[in-house]
Amino acid sequence: MTDNTIAQLLRAAAQQLSPHSDYPLSEARQLLSQALARPATWLIANDEQQPDSAQCARFSEALQRRCNGEPLAYITGHAAFWSLELKVTPDTLIPRPDSEVLVEQALECFDGTAPAHVLDLGTGTGALALALAKEWPASDVTGTDIDPASLRVARDNALSNHISNAHFCQSDWFGAVSARHFGLIVTNPPYIADNDPHLLDRGLQYEPRRALTSGRDGLDDLRLIIAQAPAYLSPAGWLLCEHGYDQGAACRQLFAQAGYIQVQTRNDYAGHERVTLGRKPHT
């Protein structure tokens, strides 16, 4: 491997990754960038260079981890979300592009204005809280998580992205949230059923189970959040919940039962129902 150029290494790695990735060349480039501690643009401009043996060894190890099913973000230690580059560890879920639908919908709900106070329940890496804090620099954004390790990651991400209007605290959903009322509450809670066969997928096996599953039907946490959120919402405030592709109808029913108005569901980029939202009545 030490006699190979960067271009040759990338071609061979992309072929090796093709059964495991939808974007094998892109992932190979990210892994090699990390092994060489060089940006992808440098790889392109220097593709005839030959990495040394230590660099090749690092690349080979990372490539094998990816072929074994470990998600790319856990190997590289970061993931892109919205306009942010986020630190990711095995203590946190990996931010997914579909969750950006929740950010888009939040911005649409306020149509150029901004809520004074925003709450992100189960913040993980801080992806939702930080994306909204960046879009609304005048808003005060609170992210909560029950896991102290996740909160450390979220705080690191706030610092690295130079976002000062988001802060994070430990809380079991609303358990430690102050009496303050929020104009917007967002959440991407666990919503996979405890016995869902998708949990056997190699990628999901690496992610924290506590952040994935929620009871026999996957709705336990959503039931609690939807029922309790009105006590923490300002009049006319919005609750936005991400959920499973087949849970839209159930979530709309939960919203209606809890007295929300303007209840609706938005699709993700694949056309699946993904985010259900509702508004607390004005009075």
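What you see is a predicted model, and the numbers here were worked out from it, not measured in a lab.

What counts and how
Residues numbered from 1 in each chain as written. Predicted model: local features only at pLDDT ≥ 70, side-chain atom pairs only at ≥ 80, totals over all residues. Heavy atoms only, no water. Phe/Tyr/Trp six-rings, centres within 6.5 Å; stacked < 30°, edge-to-face > 60°. Helix = DSSP H or I, 4+ residues; strand = E, 2+ residues; numbered from the N terminus. Buried < 20%, exposed > 50% of the residue type's maximum accessible area, 1.4 Å probe, protein only. Contact = heavy atoms within 4.5 Å. Core = buried A, V, L, I, M, F, W, Y, C linked by side-chain atoms within 4.5 Å. Pairing = 2+ DSSP bridges. Salt bridge = Lys/Arg side-chain N within 4 Å of Asp/Glu carboxyl O. Axes fitted to C-alpha atoms, helices over the stretch in contact; angles between N-to-C directions. Parallel < 35°, antiparallel > 145°, perpendicular 65-115°, else oblique. Left-handed = near helix turned anticlockwise from the far one by under 90°. Nonpolar A, V, L, I, M, F, W, Y, C, P; charged D, E, K, R; others polar. Polar contact = N/O pair within 3.5 Å; in protein donor to acceptor, adjacent residues only side chain to side chain. pLDDT = per-residue confidence, 0-100.

(A) Summary view of the packing of aromatic side chains. Considering all chains together, one arrives at 3 aromatic pairs under this definition. Residues Phe174 and Tyr232 carry aromatic rings whose centres are separated by 4.4 Å and whose planes lie at 10° to one another, so their mutual orientation is stacked. Of this pair, Phe174 sits in the loop between β5 (166-170) and β6 (182-187) while Tyr232 sits in the loop between α9 (220-228) and β7 (233-242), and the two are 58 residues apart along the sequence. Note on accessibility: Phe174 and Tyr232 belong to one class, buried. Taken together, a centroid distance of 4.8 Å and an interplanar angle of 50° make the contact between Phe255 and Tyr260 tilted. Assigned by exposure class, Phe255 and Tyr260 land together as buried.

(B) Just the environment of Gln34, in detail. Relative to the helices and strands, Gln34 is located in helix α2 (residues 24-36). With a relative accessible area of 35%, Gln34 lands in the partly exposed category. Leave out the neighbours within four places in its chain, and Gln34 touches Ile75 and Thr76.

(C) Local environment of the nonpolar core. Counting residues in each nonpolar core, the largest one holds 31 residues, and the members touching the most others are Leu130, Leu132, Phe168, Leu184 and Leu240. At the level of secondary structure, the elements contributing two or more residues to this core comprise β2 (84-87), α6 (100-110), α7 (127-135), α8 (148-160), β5, β6, β7 and β9 (273-279). Looking at this core, the element that brings in the most residues is α7, giving 7 residues. Apart from residues no more than four positions distant in its own chain, Phe168 is found in contact with Thr123, Gly126, Ala129, Leu130, Gly143, Leu151, Ala154, Arg155 and Ala158. With 25 residues, the next largest nonpolar core counts Tyr191, Leu212, Ile225 and Leu254 among its residues.

(D) Quick look at the pairing of β7. With 9 of its 10 residues buried, β7 lies for the most part within the structure. In the sheet, β7 pairs with β9 via 5 bridges, with the strands oriented antiparallel. Residue pairing across strands places Leu239 opposite Gly278, the latter belonging to β9.

(E) Inspection of the pattern of salt bridges at higher detail. A full pass over the atoms with the stated rule returns 10 salt bridges. A salt bridge links Lys87 to Asp156; the shortest N-O distance between them is 2.9 Å. Separated by 69 residues along the polypeptide, Lys87 in strand β2 and Asp156 in helix α8 bring together distant segments of the chain. Shared partners join several salt bridges into a network, and the residues in it are Asp217, Asp220 and Arg223.

(F) Inspection of the sheet that holds β9 at higher detail. Strand order in the open sheet formed by 7 strands is β5-β4-β3-β6-β7-β9-β8, with mixed pairing between adjacent strands. Two strands in the sheet have a free side with no partner beyond their single neighbour: β5 and β8 (261-267). On average, each strand axis in the sheet is inclined to that of its neighbour by 15°, with strand direction left out of account. Relative to strand β4 (residues 140-145), strand β3 (residues 117-121) runs parallel, the two sharing 5 bridges. Residue pairing for β4: Val118 is matched across the bridge by Val141.

(G) Molecular detail of the packing of helix α1 (residues 6-17) against helix α4 (residues 53-67). Look at α1 against α4: their axes get within 10 Å of each other, and the N-to-C directions meet at 15°. The angle between the axes of α1 and α4 places the two elements in the roughly parallel class. Remark: the crossing between α1 and α4 carries right-handed chirality. Contacts from Leu9, Ala13, Gln16 and Leu17 of α1 reach α4 at Cys56, Phe59, Leu63, Gln64, Arg66 and Cys67. Grouping the constituent residues of the contact of α1 with α4 by class yields 7 nonpolar, 2 polar and 1 charged.

(H) How the structure looks around the side chain of Asn165. Within the element layout of this structure, Asn165 appears in the loop between α8 and β5. Since its relative accessible area comes to 14%, Asn165 is described here as buried. From its side chain, Asn165 meets the backbone oxygen of Ala133 in a polar contact 3.1 Å long. Ignoring sequence-local partners within four residues, the contact set of Asn165 consists of Ala133, Trp136, Pro137, Ala138, Ser139, Asp140 and Val141.

(I) Here's a closer look at the confidence of the model for the protein chain. Summing up the model confidence of the protein chain, the mean pLDDT is 93 and the portion of residues at 70 or higher is 98%. For the protein chain, helix α3 (residues 40-45) is the element with the lowest average pLDDT, namely 90, and α7 is the one with the highest, namely 98.

(J) Inspection of the packing of α6 against α7 at higher detail. The geometry of α6 relative to α7 is characterised by a closest axis approach of 10 Å and an angle of 35° between their N-to-C directions. Along this stretch, α6 crosses α7, giving a crossing that reads as right-handed. Seen from α6, the contacting residues are Leu102, Val103, Ala106 and Leu107; seen from α7, they are Leu128, Ala131, Leu132 and Glu135. Along the lines of polarity and charge, the residues of the contact of α6 with α7 split into 7 nonpolar, no polar and 1 charged.

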